[in-house]
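Structural overview for review
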Amino acid sequence: MTLKTLPETTTAQIDALCALAPVIPVLTFNSAAEALPIAEALVEGGLPVLEVTLRTEAALEAIQLLADKLPEARIGAGTIANPAQYQAACEAGASFIVTPGSTRELLETGIESPIPLLPGIQTISEMMEGLQRGYRRFKFFPASVAGGPAALKAYGGPFPDVRFCPTGGIRLETASDYLSLGNVMCVGGSWLTPAELIAQQNWAGIRDIARETVQRLQD
Ligand code: 3PG
């Protein structure tokens, strides 16, 4: 049986997206109202690619708002666990989709959708399932407990053409250990938006974390 595979153009779309910044902030919004000032601060700080997780009620409304109000940013949806959520995020205006793991249904949805998917994997076998369907770019999750930079270095031996966006447990102090690997495109993380700064509505503080991150991680 011949399986339908991912178009090459989707890999190019993911590459272009991941080349925009060394870090994709992973954002879980408590309300749509806080989404805009947080996203503006991150973009102003030099991080234009943002992943909004579908972990709260506010997520879809936030994606819609940000996609509308911040055309200079690329607003993606994360924690997408099934095709219905994939569809809802696309309808809200997400320009890319990130999943924590890879199910057959999600890989198939990504092949059919005009909105590109960065599927999550943890193991070589999961990656090989994705490769079989034409995926060559993956989120590596949860990176810090799945072997960290050493695992990705080892994955590069048998699979030199595969590239990753590791996420999960990464902080500014450890991000460069991943970014120095040839098979890492960028990293994802939630460290840029500490709950304390959000509670204080300290948007300038979030902008400064983004700025410091860009300064320390850019080549
Ligand atoms: C994710 O969804 O990718 C992670 O929850 C982000 O991980 P972190 O909170 O450890 O940065």
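Quick caveat, the model's predicted, so the values are computed rather than measured.

Per the counting criterion, the structure on display carries 10 salt bridges. As a salt-bridge pair, arginine 104 and glutamate 108 come within 3.8 Å of each other at their nearest N and O atoms. One end of the pair is arginine 104 and the other is glutamate 108, both in helix H5 (residues 104-112) and 4 residues apart, which spans about a single turn. Classification of arginine 104 as exposed rests on a relative accessible area of 53%. Residue glutamate 108 is classed as partly exposed on the basis of its relative accessible area of 28%. Note that glutamate 212 is salt-bridged to arginine 216, the shortest N-O span being 3.1 Å. With glutamate 212 and arginine 216 both in helix H10 (residues 203-217), this residue pair falls 4 residues apart, about one helical turn. Three or more residues are tied together by salt bridges with common partners; here these are Glu44, Arg207, Asp208 and Arg211.

What counts, and where the lines are drawn
- Residues numbered from 1 in each chain as written.
- Predicted model: local features only at pLDDT ≥ 70, side-chain atom pairs only at ≥ 80, totals over all residues.
- Heavy atoms only, no water.
- Salt bridge = Lys/Arg side-chain N within 4 Å of Asp/Glu carboxyl O.
- Helix = DSSP H or I, 4+ residues; strand = E, 2+ residues; numbered from the N terminus.
- Buried < 20%, exposed > 50% of the residue type's maximum accessible area, 1.4 Å probe, protein only.

Distances and angles like these do not, on their own, reveal function.
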